[in-house]
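The lines below spell out each chain.
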Amino acid sequence: MKQLPPDTVRLLSSSQVITSVVNVVKELVENSLDAGALNIDVKLENFGLDRIEVRDNGHGIKAVDAPVVAIRHFTSKICSHEDLEHLETYGFRGEALGSICAVAEVAVTTKTEADDVSIQYSLDSTGTIVSQKPSHLDQGTTVSVTKLFRNLPVRRQFYSSTKKCKEELKKVQELLMAYALIKPELRLLLVHNKVVIWQKAKAADDRSALVATLGSGIVPNLLPCHQRQEQPKIIIDGFFPKPGVDCSSTSSSTPEKTFIFINNRPVHHKEVMKLLRQHYSAQYPEDSARHRYPIIVIKITVSPSAVDVNLTPDKTQVLLHNKEAVLTAVEALLVSLYGFRPGSDLPPEQQLNHETLPPPPLQTDASQLKNKRSDVRDDNVLTEAETHADSAQSSDVSLERQASNTSSSSSTADDWIDDGIATKTSSVSKSPERRGHADVSAAETRKHQISAEDWSRGTALVDSVSGEPLQPIVILQPSTPSPSNSDEAKIQRSPGKKMLNAITEKPAALTAYDMIRNRTTRSPLSPVALFEKDTRAEVLREKPAASLQDISIAVQEKWNILGEGDRKKYEEKARKSLQHYNQKTTAEGLREPDEKAPRTKLQGQKRKPPLSNQQLMDQLFARPQKKPKAPVSRPSWPVPCSVPALRLQLQRLSSQSSGAPRGLHLVNQLASQSTWVILCGQRLMLLNPFRVEETLLFKRLLENNILPSVSLQNPVQLTDGSLGGAEYVQTLCNMEKQNPDLTGGVLFSDPRLVANGFKIKLTAGTNERHLEVTEMADCVPFLGVEDLREILTAVHHRKASTVRECRPLKVTNYLQAEAVRLARQLPITLPREDVEQIIRRMEQQLGESSHICIHGRPFFQHLADVPSTDGEAQAQFRPLGL
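Residues numbered from 1 in each chain as written. Predicted model: local features only at pLDDT ≥ 70, side-chain atom pairs only at ≥ 80, totals over all residues. Heavy atoms only, no water.

The name given to the protein in an unreviewed UniProt entry is PMS1 homolog 1, mismatch repair system component, and the organism recorded there is Nothobranchius furzeri. One UniProt comment on the protein, placed under Sequence similarities (unreviewed entry), says "Belongs to the DNA mismatch repair MutL/HexB family." (UniProt positions renumbered as here; feature names shortened; annotations may be inferred.)

The structure is reproduced here in structure tokens:
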């Protein structure tokens, strides 16, 4: 990277200010696109106020450029302001990351193709690196922005309402949709609070990207268009609504689906938007489309030197040096598509003097008229055109007019096709030298000037012979081509000749998008399934901790005792569901063929080769069968087993004690597993110490853990209705309290409340008392007043006196997950001393009654019984075959 010269900095300085979440996402996504990224993931937390993360797979940032990556006016895009003449990147100022660092905490993780590992850089408010550490991310760059507007409380307060936050999230989605349309090969993902909001996969072309972005229901109503102009060089591509299509399917009430791109940059251009709306709404006579915005994707490509993008900080507004030529080209394309629009915003005098270069001809029937103009320039054709003036308003003629005009649709040449008449029209607005070659009688009649009133009435141009106003003409085309024009027709139909400025539309054919359904057809449910669907929720309310098997058993029992009338209701519902399924599959051709229906001959008949040929083919192409190898004899010899030695050791233990060995004794650890072999009396068993540790941790958390509580911004008021009755309020008031404070309020100190994360304050008034929850635990999801009611129910009905007995179900599940998490932090291989300590703690705290873990699995698994006599030992002895 290089620092820009001071004069270039002053020229490019835009007072870049980050004012919204969209600004941050736009700058970071454009940096990813400039780095050649093909995969971009945007992840937001709390609508981007808490965290914004943009991850890409681009080239990455080199280690030598890392110290100045966020310093203002350091950039790798340009070297001086002369480079703006051929700008090909989205960014060029070198201010984005520096401006973000001023209002948030920024961390950049990057890795190039030459680096071995990625490095994470933490930046301060000035963009200087304060720390760095290695990371696990792959090639590319990940920018994490946290605590946005932390030092601007007023700006952060602007997003305090949910409506503003949702609008900002919608703007981020619209921004990503714009980049998805301009770059089909780009894969995009938008995630908010770990929920996927919008995503777009890689597409092969612009039409596929349009389907993936706007949906398959809109694209069939759009028409791909292309126009090219050489002087000045202007290329217009895009997708426009088809003429005459219902406006409700090709427009919206907001401009969010009208995409305007200039040199692949999404911009807001009022003049282009105004032209699009005017010409689109002009084809509908009613006022329904007047205030609507068409669904259009228009891409305008001009020379980089003809565009100034350094107008606004967000670079969404540009200045076109040849704005009139661009607007004329856009209007010419719209006129060729939707026809001439009589109404115009310019006054008639300005329309006549509005002179621009002619756009190239379209690839339509107008190109054929260009080849035939030499045949229609005589007076006979003009006379014949006057006779058929009424048919000049057809759509084909309006398209033919555009092919021969010499200015935009606001010029007078749009109404004339014949070159002679176009010459008369242009003679009004051209130079005096060219006016001298025009018709003398017409010039003397109008005195080289045409008033706006005559032009609006249609009497500006008068026929020199008849003295009547000129009317639009119609060029009659024969139904079959004449022999003299056969060569020209062949030239026009030659496929090798590339024709520009064409409106292309794919023929109507069945595509893969039409064959894929957007809705699935659900199979019909049986009466038992419908009953289970209605009853499952009721069973879960009665038994919240029931397993799936218990729920199925309870539902089956209720179905067995269900009355005959209720059963008939479910049978009727099942019958209607089956009828609906049959109607739906029949209409869509998805019903499977009936097995009893006779098959056609094509399905039933299948030619088989003769048996002799089949045998010959088997002999020729069959693989040679390998001869089975003779089994290799494996040597075997007996290995002495250690069971007798174990039996002798048991006899010694039994001689020392009065009876069989009591308690649990460790034998050894299995080499391939984390389990231990233990001896319990005369039985050898397998012990899983991690299950025991989970249970011990869970028991300790239930008894002693105190959930940390945080202060609530708005305390929750407690009433008889919210707690379930006056008896529960009385139970709460009888719990242990602290001494009153200076304001007269009393805080509850009962461990049954404090351990579950509730801090409740009692304020006694003259006539009544007020209860409110001032603090609550935020580590348990969705903890609320219902869990407080569960605690009071345990105290009031079950006389629960300990913290363990008053744990709500949500808290119990949270502590169970914490016990599992803590147990998984233990090493995989435990030493013998630790396992012995776990066994001692199990015997002391759990006793011999409960040997089941928190997941319902046993601690011990029976392995074998130790023989007590020599006969039993000989019966269990088997030689090992090796």
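Now that the structure has been shown, the text picks up again.
Here serine 118 shows up in strand β6 (residues 118-123). For serine 118, a relative accessible area of 1% gives the class buried. For serine 118, the side chain forms a polar contact with the main-chain oxygen of leucine 137, separated by 3.1 Å. Setting aside its immediate chain neighbours within four residues, serine 118 contacts Thr109, Thr110, Lys111, Lys133, Pro134, Ser135, His136 and Leu137. (Helix = DSSP H or I, 4+ residues; strand = E, 2+ residues; numbered from the N terminus. Buried < 20%, exposed > 50% of the residue type's maximum accessible area, 1.4 Å probe, protein only. Polar contact = N/O pair within 3.5 Å; in protein donor to acceptor, adjacent residues only side chain to side chain. Contact = heavy atoms within 4.5 Å.)

The next subject is the pattern of salt bridges. Inspection of every chain in the model, using the stated rule, returns 22 salt bridges. Two residues, glutamate 256 and lysine 170, come together in a salt bridge whose shortest N-O distance is 3.3 Å. Of this pair, glutamate 256 sits in the loop between β13 (251-252) and β14 (258-262) while lysine 170 sits in helix α5 (residues 162-182), and the two are 86 residues apart along the sequence. With relative accessibility at 43%, the residue lysine 170 sits in the partly exposed group. Ionic pairing is found between glutamate 693 and arginine 841, a salt bridge with its closest N-O pair at 3.3 Å. Of the two residues, glutamate 693 is situated in helix α26 (residues 689-704) and arginine 841 in helix α32 (residues 832-845); the sequence distance between them amounts to 148 residues. Since its relative accessible area comes to 9%, glutamate 693 is described here as buried. (Salt bridge = Lys/Arg side-chain N within 4 Å of Asp/Glu carboxyl O.)

It is worth spelling out the environment of glutamine 283 at this point. By the element assignment, glutamine 283 lies in the loop between α8 (270-282) and β16 (293-294). Classification of glutamine 283 by relative accessible area gives partly exposed; the value is 22%. For the pair glutamine 283 and cysteine 247, spaced 36 residues apart in sequence, the C-alpha to C-alpha distance is 9.9 Å. Beyond its immediate stretch of four places on either side in the chain, glutamine 283 contacts Pro243, Gly244 and Tyr338. Engagement of the side chain of glutamine 283 in a polar contact is seen with the backbone nitrogen of glycine 244, the distance being 3.1 Å. A polar atom in the side chain of glutamine 283 sits 3.3 Å from the backbone oxygen of tyrosine 280.

The pairing of strands in a sheet happens through backbone hydrogen bonds and is either parallel or antiparallel. Read across the open sheet, the four strands follow the order β23-β26-β25-β24; overall the sheet is antiparallel. Looking at the sheet topology across the chains shown, the edges are occupied by β23 (709-718) and β24 (745-747). Within this sheet the neighbouring strands show an average axis-to-axis angle of 25°, counted without direction. Across the sheet, helix α28 (residues 726-733) lies against β23, β25 (758-764) and β26 (769-777), angled at about 70° from β26, the strand it touches most. (Pairing = 2+ DSSP bridges. Axes fitted to C-alpha atoms, helices over the stretch in contact; angles between N-to-C directions.)

With that out of the way, let us pick up the packing of aromatic side chains. Tallying each qualifying case throughout the model produces eight aromatic pairs. With a centroid separation of 5.8 Å and an interplanar angle of 85°, the aromatic rings of tyrosine 90 and tyrosine 179 are classed as edge-to-face. Residue tyrosine 90 is located in the loop between β4 (74-75) and α3 (96-103), and its partner tyrosine 179 is located in helix α5; the two are separated by 89 residues in the primary sequence. When its relative accessible area of 6% is taken as the criterion, tyrosine 90 is described as buried. Classification of tyrosine 179 by relative accessible area gives buried; the value is 0%. An angle of 85° between the planes, with centres 5.2 Å apart, marks the rings of phenylalanine 158 and tyrosine 159 as edge-to-face. We classify phenylalanine 158 as partly exposed; its relative accessible area is 47%. Relative accessible area serves as the criterion here: at 5%, tyrosine 159 is assigned to the buried category. (Phe/Tyr/Trp six-rings, centres within 6.5 Å; stacked < 30°, edge-to-face > 60°.)

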